[in-house]
Amino acid sequence: MNEINIGILVNTHGLHGEVKVKPTTDFVDIRFAKGKHIHIQYQQQLLDVCVEYAKWAKQLLIVKFAGYDDINQVEAWKGSLLSISEEQLHALEEDEAYFFELQDCQVLDEEGRYLGDVIEVLETSANAILRVRNEEREFLVPYVKAFVQEFKREEKCIVIKLMDGLL
């Protein structure tokens, strides 16, 4: 079962078991909703916890997990990744993709010529950027409709429109 990272537990908050979380998901309201089960990746184990509540505080979430009411119960989790199982993901629109789905995709031009493989997905405030590498070079492709013509999920393939200066 694959785990999908949804946040990083960065610190504790107060004395009553609350923690500060930096979300790494676009679906914060869904993933950290009351009653949702998530995993804390701690000491090479997955601890299953249930969200009691979550609220925003500046750029971080303050999250309380059911049954953890004391700072001493959660302090050791600092720096741990938070995740969900791949089965908990919901379906996206046809032109949308989860970042992990883009990783290792082949990139082709509109004529079907191989351009390289996605080696990294970079997140910016505006959009995702694909780092693509082939035997000769490495280049960046913004994951926007102007460049990305089609994402073939089943084939792990992305078709892009070549524009001057891209390669």
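Up top is the structure these notes are about.
Residues numbered from 1 in each chain as written. Predicted model: local features only at pLDDT ≥ 70, side-chain atom pairs only at ≥ 80, totals over all residues. Heavy atoms only, no water.

1. What about the packing of aromatic side chains?
Applying the stated criterion to the full structure yields four aromatic pairs. Ring geometry for Phe27 versus Tyr98: centroids 6.2 Å apart, planes at 65°, classification edge-to-face. Pair noted here: Phe27 is in the loop between β2 (18-23) and α1 (28-31) and Tyr98 is in the loop between β6 (81-85) and α3 (99-102), with a separation of 71 residues, a long-range link. Taking relative accessible area as the criterion, Phe27 reaches 24% and is therefore assigned partly exposed. Note on Tyr98: relative accessible area 12%, which makes it buried. For the ring pair Phe65 and Trp77, a centre distance of 6.2 Å and an interplane angle of 65° mean the geometry is edge-to-face. Of the two residues, Phe65 sits in strand β5 (residues 60-65) while Trp77 sits in the loop between α2 (71-74) and β6, which places them twelve residues apart along the sequence. An identical accessibility class is assigned to Phe65 and Trp77; each is buried. (Phe/Tyr/Trp six-rings, centres within 6.5 Å; stacked < 30°, edge-to-face > 60°. Helix = DSSP H or I, 4+ residues; strand = E, 2+ residues; numbered from the N terminus. Buried < 20%, exposed > 50% of the residue type's maximum accessible area, 1.4 Å probe, protein only.)

2. Remarks on the environment of Leu15
Counting through the fold element by element, Leu15 comes out in the loop between β1 (3-13) and β2. Residue classification places Leu15 among the exposed residues on the basis of a relative accessible area of 58%. In the structure, Leu15 is positioned 55 residues away from Asp70 in sequence and 5.8 Å away in space, judged by C-alpha atoms. Discounting chain neighbours no more than four positions away, the residues touching Leu15 are Asp69, Asp70 and Ile71. (Contact = heavy atoms within 4.5 Å.)

3. As for the nonpolar core
Membership of the largest hydrophobic core comes to 20 residues, with the highest contact counts inside it found for Phe32, Ile38, Val63, Phe65 and Leu82. Residue assignment for this core shows that the elements contributing at least two residues are β1, β2, β3 (37-42), β4 (45-57), β5 and β6. Those residues in contact with Val63 that sit more than four places away from it in its chain are Gly17, Glu18, Val19, Val21, Phe32, Val51, Tyr53 and Ala54. Core analysis: the second largest hydrophobic core is formed by 19 residues, Ala97, Val107, Phe147 and Leu166 among them. (Core = buried A, V, L, I, M, F, W, Y, C linked by side-chain atoms within 4.5 Å.)

4. Observations concerning the pairing of β1
Across five bridges, the pairing between β1 and β6 is antiparallel. Across the sheet, residue Ile8 finds its bridge partner in β6, namely Leu81. In this structure, β1 lies alongside β2, joined through six bridges in antiparallel fashion. If you follow Leu9 over to β2, its bridge partner there is Val21. Taken together, β1 and the strand that follows it, β2, pair antiparallel across an intervening segment of four residues, in which Gly14 is found at a positive phi of about 75°. (Pairing = 2+ DSSP bridges.)

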